[in-house]
Amino acid sequence: MTGQLRPLLLTLALSVAPLGAVARADTGYELWLRYRRVPNATRLAEYRRVFAQASVESNSATGRVIRDELTLGLRGLLDTTAVVGVGVGGNPGLIVGVVSSSRIAALLPASRRPPAGSESFVIATLKRADKTVVVVAGNTELGALYGTFALLRGMQIQQPVPKLEAAEAPRIRRRLLDHWDNLDGSVERGYAGSSLWDWTRLPGTVSPRYRDYARANASIGINGAVLTNVNANARVLTPEYLTKIAALANVFRPYGIRVYLTARFSAPIEIGGLRTADPLDSAVRAWWRAKADEIYRYVPDFGGFLVKANSEGQPGPQDYHRTHADGANMLADAVAPHHGVVMWRAFVYSNDVPVDRVKQAYDEFTPLDGAFRANVLIQTKNGPLDFQPREPFHPLFGALPKTAQMLEFQITKEYLGEDTHLVYLAPLFKEVLDADTYVRGPGSTVARVIDGTLQGQRETGIAGVANVGNDTNWTGSQFNQANWYAFGRLAWNHQLSPAAIAEEWIRATLTNDDAAVRTIAHIMLVSREAAVNYMTPLGLAHIMGSNHHYGPAPWARLARADWSPVYFHRADSIGIGFDRTATGSDAVAQYAAPVRDRLADRATVPDSLLLWFHHVGWREPMRSGRTLWDELALHYQAGVDTVRAMRREWLSARAMIDAPRFAEADSFLGIQEREARWWRDAALQYFASFSHLPLPAGVEAPAHSLEYYMSLRCPADPRKPRCPNVP
Ligand code: BDP
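1. Notes on the overall build of the protein chain
So, step 1. Looking only at helices and strands, the protein chain has 22 helices and 16 strands in total.
So, step 2. Computed over its C-alpha atoms, the radius of gyration of the protein chain comes to 26 Å, within 12% of the 27 Å expected for a compact globule of 727 residues.
So, step 3. Its C-alpha atoms give the protein chain principal-axis dimensions of roughly 80 × 65 × 50 Å.
So, step 4. Taken across its 727 residues, the protein chain has 63% of its residues classed as buried.
So, step 5. Across the protein chain, every contact between residues at least 6 apart in sequence was considered, and the portion connecting residues at least 24 apart equals 71%.
So, step 6. In the protein chain, 78 side chains carry a positive charge and 72 a negative one; their mean positions are 6 Å apart.

Written out as structure tokens, the structure is:
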């Protein structure tokens, strides 16, 4: 050990030891950064030859982060006391830094430079004399950090050294987690404990967990965090909270993570003492400018504001008969001198129930295209309703050619089984990213709208509603970690496949055993379609329990029609489904012509979206030749059957998984199977009361009567509703 290294290791011991200690018990705390000894002996020997000595060519804050991570990673993976230091002399096999550092400039041929950009990196394996030298280089230190994580990821999946080579740049500029965390420590739609942000103890106590949060995010390329709920509290903008935010920002900064906040539109009234929040009022505008200046004094690299306005009762510019553009531009002008942005959400629907709720965002925002400042991004959920197991892509994508657009996914599985159900979301994310809007002809995918390549936007972004809380395993279940991981990886590169991402995650997180990896990847890859089938097959949506959104309640009628399952499925004696063609709400007209025509036509609409767009007779024939009723029932059954198969497959991987994590997933899969049956039986009993048709062969008879399912009540805890009396 060199003298230079000792202080570092001391720091490491302080900051990482608790993490290591927790880890041995395999609680899941370490996420995908476990860095266990490489099991493949040949690979281990190869890695030990090359990586036993590493040099980081910088001692800046980010340089120290790189050094810390490499020390932890290499020591774990190589199971040796690998030497990682700054400017290590001799002949290190791994050299990490920026291209302009003299050592790297001397080593790296011009042809091997990282792609353009402040976050890009290259990993090059070079031969010097007889020795392999791996160079990880960025144009900036942040690029070098991303390269370091890419290298460690490659090692965790046991790539041979030459295959660790890479040259990458992110496709999307702002890759954010949106936390729906409240100042009282609760998390809206959070199923993993309380908020990570300990507002009462900040800024005096800065939990080491914040650093681990930053490490996890940086390791998958996430570069921003909106700390607070879109249903915002203005107090977060007061000095009391800004000092706390500054403390978090200081921890995140070396990891390239910027802090953003939600701005409550009525803040000038609530904390500013003004009588109005009218965006065209000069006192209001001055208040926001001063507020922005103040925030930047606390957090010089503050990212900007996220705003939910005039939606679900939140205040907004329409309260003053102004437009979304008036509101967004006022805030944009306030942060523009500091290079901040405003992310203005398109998730709006009025307090008066419209003809069809899914049409509203498009109707409100398309007339405003071109009216927003350059630093405003319109943030749109993946589908036009609300994070359902399956929705068509949102018709706003591509429909605002003069506006920067962000995509919002929900990582926390509000409508997909919350903490317990194993539902791997990468296939859902990918389905949306790859969806072709056709706004500029074939190939106009949602991914190309939001990465700016289709319509030439400079500001680009993607956000995922976070699923993390203060549970030891961060996400409420081990498998929910994979959704955080997959979101980050796809935000960095939307070309990656769900299968490749699953394999990386499994190898880094659970096991490197090839057979087990295949089995677990299979479980993950079928899981989303399974959930669609046992919850909302064939394009059904929003038939889950009211408010908590857990479990089936297709019979529910709420105060507002467009919160009610019956409004969305429209089952009657003739059939089921929401007619969104010209004979109904005509929401389909919001899509570009080829998409619209395909979806509007019963002959070409995919089965997976049939009942989203059409009201279909119970006895009408489907592509399969079966009636709609039979097809619906068989989809519900298929959902249950797939979960049963997932359970069996998980059992077969038992020997390869540590006991605590195996047991947790096993018991959760048990819950999932029981609840998949609950979904199937409750939904089919209810829909049968309209169709009056018998279940087809192959569908199990429901265990209980419709009245029984309707009488079930999930208990009080809105964060983790449980229905223990589910059969
Ligand atoms: C819905 C959630 C609600 C959120 C809302 C939103 O049920 O808690 O506030 O979305 O995105 O999915 O604003």
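2. Here's the deal with the side chain of Gln590
So, step 1. Considering the arrangement of structural elements, one finds Gln590 in the loop between β15 (575-576) and α18 (593-600).
So, step 2. For Gln590, a relative accessible area of 8% corresponds to the buried category.
So, step 3. Within the structure, the side chain of Gln590 is placed 3.3 Å from the side chain of Asp363, a separation counted as a polar contact.
So, step 4. Not counting chain neighbours up to four residues away, the residues in contact with Gln590 comprise Val358, Lys359, Tyr362, Asp363 and Pro395.

3. So, helix α14 (residues 481-492)
So, step 1. If you check α14, its first and last C-alpha atoms are 17 Å apart, about what 12 residues at 1.5 Å a residue would give, namely 16 Å.
So, step 2. Residues of α14 that are buried: Gln481, Ala482, Asn483, Trp484, Tyr485, Ala486, Phe487, Gly488, Arg489, Leu490, Ala491 and Trp492.

4. Points about the environment of Asp658
So, step 1. Along the chain, Asp658 turns up in the loop between α20 (628-652) and α21 (659-691).
So, step 2. Judged by its relative accessible area of 16%, Asp658 is buried.
So, step 3. Each C-alpha atom of the pair Asp658 and Asp26 lies 6.9 Å from the other, and the pair is 632 residues apart in sequence.
So, step 4. Contacts of Asp658, omitting those with residues within four sequence positions, involve Asp26 and Arg34.
So, step 5. For Asp658, the side chain forms a polar contact with the side chain of Arg661, separated by 2.8 Å.

5. Things to note about the sheet that holds strand β14 (residues 461-465)
So, step 1. Reading around the barrel, the eight strands line up as β7-β8-β9-β10-β11-β12-β13-β14 and close back on themselves, with parallel pairing between neighbours. Strand after strand, the sheet turns through a mean of 25 degrees between neighbouring axes, direction not considered.
So, step 2. In terms of strand pairing, strand β7 (residues 174-178) meets strand β8 (residues 224-226) through three bridges, oriented parallel. Bridge pairing in β8 places Leu176 opposite Gly224.

6. Quick word on the site of the ligand
So, step 1. Near the ligand there are 14 residues, and of these Glu188, Lys308, Arg345, Lys381 and Glu414 occur at the shortest range.
So, step 2. In this structure, Asp386 approaches the ligand through a side-chain N or O atom, which is 2.7 Å from an oxygen atom.
So, step 3. In the complex, 96% of the free accessible area of the ligand, which totals 320 Å², lies under the protein chains.
So, step 4. Partitioned by chemical class, the residues of the shell around the ligand number four nonpolar, two polar and eight charged.

7. Describing the sheet that holds strand β6 (residues 166-168)
So, step 1. If you walk across this open sheet you meet the six strands as β2-β1-β3-β5-β4-β6, and the pairing is mixed. The outermost strands of the open sheet, each flanked by one partner alone, are β2 (83-86) and β6. Put simply, the sheet's adjacent strands are angled 20 degrees from each other on average, direction ignored.
So, step 2. Where strand β4 (residues 121-128) meets strand β5 (residues 131-138), eight bridges bridge the pair, whose relative direction is antiparallel. From the neighbouring strand, Val122 faces β5, where its bridge partner is Ala137.

8. Description of the nonpolar core
For soluble globular proteins, the rule of thumb is that nonpolar side chains tend to be buried together.
So, step 1. Counting 230 residues, the largest nonpolar core has Phe51, Leu74, Phe252, Trp288, Trp344, Trp484 and Phe687 as its most contacted members.
So, step 2. Excluding residues that lie within four positions of it along the chain, Phe51 makes contacts with Leu74, Leu78, Ala82, Leu94, Val134, Leu151, Met155, Val161 and Leu164.
So, step 3. Val99, Val133, Val135 and Ala137 belong to the second-largest nonpolar core, a separate cluster that totals 11 residues.

9. Thoughts on the pairing of β5
So, step 1. With seven of its eight residues buried, β5 lies for the most part within the structure.
So, step 2. In the sheet, strand β3 (residues 94-98) pairs with β5 via five bridges, with the strands oriented parallel. Its bridge partner being in β5, Val98 is matched across the sheet by Gly138.
So, step 3. Counting the residues between successive antiparallel strands, the hairpin from β4 to β5 contains two residues, one of them, Ala129, with a positive phi of roughly 55 degrees.

10. Considering the packing of aromatic side chains
So, step 1. For the coordinates displayed, the defined rule picks out 36 aromatic pairs.
So, step 2. Every member of this aromatic cluster is reached through a ring pair, and the members are Tyr29, Trp32, Trp197, Tyr210, Tyr213, Phe252, Trp474, Trp484 and Tyr485.
So, step 3. Lying over the aromatic face of Phe578, Arg570 brings its terminal NZ or CZ to 3.7 Å of the ring centre.
So, step 4. Stacked on the ring of Trp612, the Lys or Arg Arg580 has its end atom at 4.8 Å from the ring centre.

11. Topic: the pairing of strand β11 (residues 341-345)
So, step 1. Most of β11 is tucked away: five of the five residues are buried.
So, step 2. Here β11 shows two buried faces, one formed by Val341, Met343 and Arg345 and the other by Val342 and Trp344.
So, step 3. In the sheet, strand β10 (residues 304-307) pairs with β11 via four bridges, with the strands oriented parallel. Within β11, the residue paired with Leu306 across the bridge is Met343.
So, step 4. Once the chain exits β10 it traverses helix α10 (residues 324-335) before rejoining the sheet at β11, and the crossover so formed is right-handed.

12. A look at the packing of α14 against helix α15 (residues 498-509)
So, step 1. The N-to-C vectors of α14 and α15 enclose an angle of 130 degrees; their axes lie 10 Å apart at closest approach. The angle between the axes of α14 and α15 places the two elements in the oblique class. Our pair here, α14 against α15, has a crossing hand that is right-handed. On the side of α14, the interface is formed by Gln481, Ala482, Tyr485, Ala486, Arg489 and Leu490, while α15 contributes Ile501, Glu504, Trp505 and Thr509.
So, step 2. In terms of residue class, the contact of α14 with α15 is built from six nonpolar, two polar and two charged.

13. Side note on the environment of His635
So, step 1. Within the secondary structure, His635 is located in helix α20.
So, step 2. Residues His635 and Glu529, 106 residues apart in the sequence, show an inter-C-alpha distance of 10.0 Å.
So, step 3. With near-sequence residues (within four places) excluded, His635 lies in contact with Asn533, Pro537 and Leu538.

Conventions used here
- Residues numbered from 1 in each chain as written.
- Predicted model: local features only at pLDDT ≥ 70, side-chain atom pairs only at ≥ 80, totals over all residues.
- Heavy atoms only, no water.
- Helix = DSSP H or I, 4+ residues; strand = E, 2+ residues; numbered from the N terminus.
- Rg over C-alpha atoms; globule rule 2.2 N^0.38 Å.
- Buried < 20%, exposed > 50% of the residue type's maximum accessible area, 1.4 Å probe, protein only.
- Contact = heavy atoms within 4.5 Å.
- Lys, Arg positive; Asp, Glu negative; His and termini not counted.
- Charge placed at Lys NZ, Arg CZ, Asp CG, Glu CD.
- Polar contact = N/O pair within 3.5 Å; in protein donor to acceptor, adjacent residues only side chain to side chain.
- Expected span 1.5 Å × (residues − 1).
- Pairing = 2+ DSSP bridges.
- Axes fitted to C-alpha atoms, helices over the stretch in contact; angles between N-to-C directions.
- Near = heavy atom within 4 Å.
- Areas by Shrake-Rupley, 256 points an atom, 1.4 Å probe, with all protein chains shown as cover.
- Nonpolar A, V, L, I, M, F, W, Y, C, P; charged D, E, K, R; others polar.
- Core = buried A, V, L, I, M, F, W, Y, C linked by side-chain atoms within 4.5 Å.
- Phe/Tyr/Trp six-rings, centres within 6.5 Å; stacked < 30°, edge-to-face > 60°.
- Lys NZ or Arg CZ within 6 Å of the ring centre and 35° of its normal.
- Right-handed = clockwise from strand over helix to strand, strands pointing away.
- Parallel < 35°, antiparallel > 145°, perpendicular 65-115°, else oblique.
- Left-handed = near helix turned anticlockwise from the far one by under 90°.

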